[in-house]
Structures are given as C-alpha cells and as structure tokens.
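A closer look at the structure
Below, each chain spelled out in residue letters.
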Amino acid sequence: MKTMTTKCKCETFDVAKCKCPMLKMPVFSGVPDTVWEGFCKKRITNDYHKGNIIFYEGNKPFGVYFLCSGRVKIIRTDAGLHSSIPRVIEAPNLLGERAFLAGESYLGTGEALEDCSICFVDGAYFEKLFLELPQVCRSLVRRLAAELGHAEEQLLDFGFKTVRGRLAKYIYEKAETK
C-alpha cells in the first residue's frame with residue numbers, strides 16, 4: 001500500500017538546506033530558487049512499497065513522476081500475456097516523461113522494485129515550467145536524444161553481437177559507472 005504526503009519534505013524552502021534528490025538531476029541544473037519553491041508546493045509526494053504499481057501500461061499520463069529514492073522496473077506485456085522488463089530505473093530519475101511528452105499512453109507498467117519515494121507533478125504545471133524555462137526543455141531533449149541513441153545501439157548489439165559479447169559489454173558499462 002502506498003502512503004501519500006502532499007507537503008514537501010523541506011518545511012521551508014532553501015536550496016542550500018533542501019536534500020531533495022531532484023535538485024541533483026542534470027535536467028534541472030540552473031533552475032532558479034523561486035521556481036523550485038513553487039515546484040515543491042505543486043508536487044505530490046507518494047511513498048510506494050515494493051510491488052506497488054506506479055502507473056499501468058495503456059493508461060494515459062496526466063503528469064510526470066520523479067523517482068526520488070528507490071528503484072522502479074518497467075514491465076511490458078505482449079498480446080500473449082508474456083512479460084519482459086526492458087529497463088530498471090534508479091533514483092534520482094524521471095518516470096513516464098516519454099509518454100507524457102509524446103501525448104501517448106504508457107508503453108509499460110511501472111512497479112516498485114523496492115520502497116520508493118516518488119513525486120508527481122501535474123502535466124499542466126510541468127508544461128508551464130517547460131515554456132518558462134528553456135534550459136529545462138533543452139536538457140530534457142538532450143536526455144531523450146541520448147536515450148534514443150542508447151536504444152539504437154542496443155538494437156544493433158542484439159543484431160550483431162553474441163550473448164557473451166552483450167554480457168561483457170553490460171558488465172564493462174556497469175563497472176565504468178561505479
């Protein structure tokens with residue numbers, strides 16, 4: 001069962017004192033303190049336990065989720081009800097932004113792999129931020145372009161590399177990021 005708190009965990013907003021992991025996300029670098037203060041008032045924070053569903057495949061997104069702590073797996077199901085996990089998202093990160101920005105339904109179900117703290121921001125407010133802060137827009141476009149490039153690289157790897165080669169690359173990349 002999820003618990004819901006609508007108040008920001010920071011009682012009074014001060015960027016220097018606020019421990020919100022979203023402040024550390026590259027997408028939001030350079031965002032003015034006044035915008036953060038408004039953002040903290042608009043967001044809804046939910047705590048999800050392991051196994052809780054954050055959003056369902058096929059549903060329309062009404063905003064964007066911000067994974068502040070924990071990990072979430074995205075589960076995709078085909079017509080024969082076979083499911084796979086195309087990715088695991090670790091905090092701090094965005095959730096559901098691709099579907100929201102594309103105006104499409106979620107392509108997968110988001111399920112908490114462990115206890116998570118997740119903020120939700122209404123779509124209208126997120127779009128307003130997008131229009132007011134072009135640096136956030138540019139940063140998010142760069143992030144999505146990098147993800148697209150990574151997906152293309154994975155597609156090529158599946159076509160041209162052996163399982164052993166893909167596993168070696170995965171281990172190498174994970175070791176490099178730590």
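Residues numbered from 1 in each chain as written. Predicted model: local features only at pLDDT ≥ 70, side-chain atom pairs only at ≥ 80, totals over all residues. Heavy atoms only, no water.

Counting secondary structure elements, the chain contains 5 helices and 9 strands. Secondary structure elements in the chain, listed N-terminal to C-terminal, are β-α-β-β-β-β-β-β-α-β-β-α-α-α. The proportion of buried residues among the 178 residues of the chain is 36%. Considering only contacts within the chain whose residues lie at least 6 apart along the sequence, 74% involve residues at least 24 apart. For the chain, the accessible surface area stands at approximately 11200 Å², while carbon and sulfur atoms represent 59% of it. (Helix = DSSP H or I, 4+ residues; strand = E, 2+ residues; numbered from the N terminus. Buried < 20%, exposed > 50% of the residue type's maximum accessible area, 1.4 Å probe, protein only. Contact = heavy atoms within 4.5 Å. Areas by Shrake-Rupley, 256 points an atom, 1.4 Å probe, with all protein chains shown as cover.)

The predicted coordinates should not be examined in detail at positions where pLDDT is low. Overall, the prediction assigns the chain a mean pLDDT of 82, with 88% of residues at 70 or greater. The least confident element of the chain, judged by mean pLDDT, is strand β1 (residues 3-5) at 48; the most confident is strand β3 (residues 53-55) at 97. Within the model, pLDDT remains below 50 along residues 4-13, and this stretch shows 21 contacts once partners closer than five positions in the same chain are excluded. (pLDDT = per-residue confidence, 0-100.)

Together, Leu 167, Tyr 170 and Ile 171 make up an exposed nonpolar region whose accessible area comes to about 320 Å². Here Tyr 170 shows up in helix α5 (residues 163-177). A relative accessible area of 48% means that Tyr 170 is categorised as partly exposed. (Patch = residues over 30% accessible without salt bridge, like charges linked within 9 Å, V, L, I, M, F, W, Y side chains within 5 Å. Salt bridge = Lys/Arg side-chain N within 4 Å of Asp/Glu carboxyl O.)

Turning to the pattern of salt bridges, a few remarks are in order. The full count for this structure, using the stated rule, is 8 salt bridges. A salt bridge links Glu 132 to Lys 128, with the shortest nitrogen-to-oxygen separation between them at 3.6 Å. You can see Glu 132 and its partner Lys 128 sitting in helix α3 (residues 123-132), 4 residues apart, about one turn around the helix. With a relative accessible area of 44%, Lys 128 lands in the partly exposed category. The partner of Lys 169 in a salt bridge is Glu 153, with the nearest N and O atoms 2.4 Å apart. Here the residue Lys 169 occupies a position in helix α5, and Glu 153 occupies one in helix α4 (residues 134-160), the gap between them amounting to 16 residues. Since its relative accessible area comes to 37%, Glu 153 is described here as partly exposed. Bridged by salt links that share partners, the residues Glu 153, Asp 157, Lys 161, Lys 169 and Glu 173 form one connected network.

Turning to the sheet that holds β3, a few remarks are in order. Adjacent strands of a sheet pair through backbone hydrogen bonds, lying either parallel or antiparallel. Ordered by their spatial adjacency, 4 strands build an open sheet running β3-β8-β5-β6, and the pairing between neighbours is antiparallel. The strands lining the two open edges of the sheet, one partner per strand, are β3 and β6 (83-90). Averaged over all adjacent pairs, the angle separating strand axes in this sheet is 30°, with direction ignored. Two strands pair when backbone bridges link them, and strand β5 (residues 71-77) and strand β8 (residues 109-112) are joined in this way by 4 bridges, in the antiparallel orientation. (Pairing = 2+ DSSP bridges. Axes fitted to C-alpha atoms, helices over the stretch in contact; angles between N-to-C directions.)

A separate point is the pairing of β8. Here β8 shows no split at all, with Thr 109 and Glu 111 on one side and Gly 110 and Ala 112 on the other all buried. Where β3 meets β8, 2 bridges bridge the pair, whose relative direction is antiparallel. Residue pairing for β8: Ile 53 is matched across the bridge by Glu 111.

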